[in-house]
Amino acid sequence: MADIGLVGLGVMGANLALNMAEKGYSVAVFNRTTEKTDAFIANAGSLAERLTPCKTLTELAEAVEPPRPVVIMVKAGEAVDSQADILAGHLAQGDILIDAGNANFHDTRRRVKEFADRGIDFLGVGVSGGEEGARHGPSVMAGGKPEAWARVEKIFNDIAAKFEGESCAALVGPEGAGHFVKTIHNGIEYADMQMIAEIYGIMRDGLGMAPAEMAEVFDQWNNGPLKSYLIEITAAVLGTTDPKTGGPLVDIILDTAGQKGTGRWSVIEAQDLGSPATVIEAAVAARSLSSQKEQRVADEALFGAAPRKIGPALGDRNSAMIILEEAMLAGKIAAYAQGFAVMAKASESFGWDLPLGTVAKIWRAGCIIRSAFLDDIASTYEADGAIRSLMTVEPFTGMLKATHGSLRRVCAEASLKGVPVLALGSALGYFDFARTARSTADLTQAQRDFFGAHGFERLDEPGKVAHGPWSNA
Ligand code: NDP
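Given the structure is predicted, the values throughout are model-derived calculations rather than measurements.

Engineer: When you look at the overall build of the protein chain in this model, what are you seeing that I'm missing?
Structural biologist: Each helix and strand in the protein chain was counted, giving 19 helices and twelve strands. Against the compact-globule benchmark of 23 Å for 473 residues, the protein chain has a radius of gyration of 25 Å, which places it among compact chains. The principal-axis extent of the C-alpha atoms belonging to the protein chain is close to 75 × 65 × 45 Å. Here the protein chain holds 473 residues, and the buried ones make up 47% of them.

Okay, structure coming up:
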């Protein structure tokens, strides 16, 4: 009998099943569209002997050795509910349903409760790393009961990415915690990608660099503090030639970015928790603005194109590249500080006790935001899980002190010439606000009292609600 069942043979499910089979597990597989199951088995090569194709969910439940773990890897939302509901009808006490898709953590919380009432453990497991990660080693963020996780932990440890021999799979908390952590991972991914895109915009439009030149710079940066998968693939993308035209491929790609929702969810949760994630918010907004292509074309005609040429304002080419690298690093520190602060707030609000050091550790390999930088974050949170903000602890404080000047110069020069820096500008604004002891909220409080009698606190009478002698009062 099979060790595990897997429902959904799309991009992720098919690769996860092959990964499990390769690690020696026998996997019973099912897909709504049967032809996909047949094609999957036909293309599985020698791994097919460890794969049991099933035509129905009943067949799948019968093919797995009890107590049965069954992974559901289908489109998030209603599809998960429908497949889980049918499956549950064939499962018994002690079986485990594992939703490994990108679920909204609110749905996971609900499902955990619903299935607990039916005697079935439900794990919400975030899986990151795309197609390649699923096939050869993803980062795995699990949420659920420790006893349930203990029963499938070995399988996930075996298929997960390894960082210096350590598995990038872990139980991060109860119920929806795994999917929440995955959501914030994706939010940070949006922020990283948008800041890289803005630096690319400055290089391309502000400094007139060709894709091949930019590829070299990103390649060099991949040996420094920015070393990461996203910087590596940026270099590869910029160095790729279009086989049809012979020119740089990036130049013929339509400039509208897609999104599936996890970035937006991370911003919604950040707002709900009152933990500002301005860089992630800007990155999500930038994708939405990018999709409004027609309006942007019309507005460029209406207002005229910005000059965009930054010229020598950032110094010679070498100096400019150093300034851009430092600006990206400063922005990255702000973005990660925001993402980790949102997780800390969620941990407190939902009583999850999220191990942020472990979260950073399992993001060091396998996932899309994997980077050298996360190793420092992991050590920081392992040393003290209760830090207030990543920006306020070493080595990040020192890095920010050394680089925020470059972020400021980049944002200033880009803004003067009309090169959009939505995410980098948000990182700078966040940093400047965060270190302003006397903010301008005194005026906001006065306005709120003026129009709504909301009251304010006087500096000379702390703890008391005061009102102004407004003329409309
Ligand atoms: P695909 O689009 O490749 O496959 C979708 C799968 O869902 C197919 O097996 C499809 O079956 C099934 N499905 C869709 N609707 C239903 C339904 N109503 N009932 C039953 N089955 C249904 O998706 P991915 O593999 O890319 O994604 C799967 C999950 O993993 C999603 O939650 C996604 O967000 C998440 N994810 C994706 C990543 C990626 O890089 N692609 C990375 C990390 C997570 P059928 O063949 O019959 O249509």
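Read on for the rest.
Engineer: Is there a simple way to think about the site of the ligand in this case?
Structural biologist: Lining the immediate environment of the ligand, one finds 23 residues, of which Gly10, Arg32, Ala79, Gly101 and Asn102 sit closest. Of the residues assigned to the shell around the ligand, the class counts are eight nonpolar, eleven polar and four charged.

Engineer: Quick question: what am I supposed to make of the sheet that holds strand E1 (residues 4–7) here?
Structural biologist: Two orientations exist for strands paired in a sheet by backbone hydrogen bonds: parallel and antiparallel. The strand order E3-E2-E1-E4-E5-E6-E7-E10 describes an open sheet built from eight strands, whose pairing is mixed. Looking at strand neighbours, the two that pair on one side only are strand E3 (51–54) and strand E10 (169–173), the edges of this open sheet. Averaged over neighbouring strand pairs, the angle between their axes works out to 25° when direction is ignored. Contacts between helix H5 (residues 105–117) and the sheet are confined to strand E5 (96–99), strand E6 (121–128) and strand E7 (139–143), with E6 contributing the most and set at about 155° to the helix.

Engineer: Got a minute to help me understand the pairing of E6 in this structure?
Structural biologist: Strand residues, when the strand is regular, have side chains that alternate between the two faces of the sheet. The buried count for E6 comes to eight of eight residues, which makes it a mostly enclosed element. Covered by surrounding structure in E6 are Asp121, Leu123, Val125 and Val127 together with Phe122, Gly124, Gly126 and Ser128, the residues of both alternating faces. Where E5 and E6 come together, four bridges link them in parallel fashion. Paired with Ile96 across the bridge in E6 is Asp121. Each parallel crossover has a hand, and for E5 linked through H5 to E6 it is right-handed. Sheet topology places E6 next to E7; five bridges connect them, and they run antiparallel.

Engineer: How should I be thinking about unusual backbone geometry in this particular structure?
Structural biologist: Excluding glycine, residues mostly have negative phi values, and the peptide bonds linking residues are mostly trans. Here the residue pair Pro66 and Pro67 is connected by a cis peptide bond, since its omega of -5° sits within 30 degrees of zero. Tracing the backbone shows Pro67 in the loop between helix H3 (57–63) and strand E4 (69–72). With an omega dihedral of 10°, the bond running from Glu394 to Pro395 counts as a cis peptide bond. Among the structural elements, Pro395 can be located in the loop between helix H16 (373–383) and helix H17 (396–417). Of note in this structure, Glu164 is not a glycine but carries a positive phi near 45°. The residue Glu164 is located in the loop between strand E8 (162–163) and strand E9 (166–167) in this model. One non-glycine residue, Ala453, lies in the positive phi region at around 50°. Position of Ala453 relative to the elements: it lies in the loop between helix H19 (441–452) and strand E11 (456–458).

Engineer: Help me out: how do you make sense of the domain arrangement of the protein chain in this one?
Structural biologist: By domain assignment, the protein chain separates into domain 1 (4–175) and domain 2 (183–434). Each of domain 1 and domain 2 has a C-alpha centre, and these two points are 32 Å apart. Between domain 1 and domain 2, the contact holds 23 residues from the first and 17 residues from the second. Looking at the side of domain 1 that touches domain 2, the element that brings in the most residues is E10, giving four residues. Among the residues making up the side of domain 1 that touches domain 2, the classes are represented as twelve nonpolar, ten polar and one charged.

Engineer: What am I meant to see in the UniProt feature "domain: 6-phosphogluconate dehydrogenase C-terminal" (unreviewed entry) in the protein chain here?
Structural biologist: Feature annotation in UniProt assigns "domain: 6-phosphogluconate dehydrogenase C-terminal" (unreviewed entry) to the following positions: residues 178–471. Span residues 178–471 is 63% helix and 3% strand, its end C-alpha atoms 53 Å apart.

Engineer: When you look at the packing of helix H12 (residues 278–291) against helix H14 (residues 317–350) in this model, what are you seeing that I'm missing?
Structural biologist: Angle between the axes and distance between the axes: these two values describe a pair of packed helices. Where H12 meets H14, the closest approach of the two axes is 7 Å, and the angle between their N-to-C directions is 105°. As the angle between them shows, H12 and H14 are arranged roughly perpendicular. Residues Thr278, Val279 and Ile280 of H12 form the contact with H14, whose own contacting residues are Gly331, Ala334, Ala335, Gln338 and Gly339.

Engineer: Looking at this structure, I do not really get the packing of H14 against H17. What am I missing?
Structural biologist: Close contact between H14 and H17 brings their axes to 7 Å; oriented N to C, the two are set at 120°. As judged from the angle between their axes, H14 and H17 are oblique. The two elements H14 and H17 meet at a crossing, and its hand is left-handed. Contacts between H14 and H17 involve Ile323, Leu324, Glu326, Ala327, Leu329, Ala330, Gly331 and Ile333 from the former and Phe396, Met399, Leu400, Thr403, His404, Ser406, Leu407, Arg409 and Val410 from the latter.

Engineer: Is there a simple way to explain the UniProt feature "active site" (unreviewed entry) in the protein chain in this structure?
Structural biologist: Cross-referencing UniProt, the feature "active site" (unreviewed entry) maps to Lys182 and Glu189 in the present numbering. As for its position among the elements, Lys182 is in helix H8 (residues 177–206). For Lys182, a count of 30 C-beta atoms within 10 Å gives the class buried. Dropping the residues within four chain positions of it, Lys182 is found in contact with Asn102, Gly126, Ser128 and Met141. Following the sequence through the fold, Glu189 ends up in helix H8. Since 23 C-beta atoms lie within 10 Å of it, Glu189 is described here as buried. Filtering out sequence-adjacent residues up to four positions away, Glu189 remains in contact with Ile368 and Ile369.

The rules behind the values
- Residues numbered from 1 in each chain as written.
- Predicted model: local features only at pLDDT ≥ 70, side-chain atom pairs only at ≥ 80, totals over all residues.
- Helix = DSSP H or I, 4+ residues; strand = E, 2+ residues; numbered from the N terminus.
- Rg over C-alpha atoms; globule rule 2.2 N^0.38 Å.
- Buried ≥ 20, exposed ≤ 12 C-beta atoms within 10 Å, placed from the backbone.
- Near = placed C-beta within 6 Å.
- Nonpolar A, V, L, I, M, F, W, Y, C, P; charged D, E, K, R; others polar.
- Pairing = 2+ DSSP bridges.
- Axes fitted to C-alpha atoms, helices over the stretch in contact; angles between N-to-C directions.
- Contact = placed C-beta atoms within 7 Å.
- Right-handed = clockwise from strand over helix to strand, strands pointing away.
- Domains from an automatic or database assignment.
- UniProt positions renumbered as here; feature names shortened; annotations may be inferred.
- Parallel < 35°, antiparallel > 145°, perpendicular 65-115°, else oblique.
- Left-handed = near helix turned anticlockwise from the far one by under 90°.

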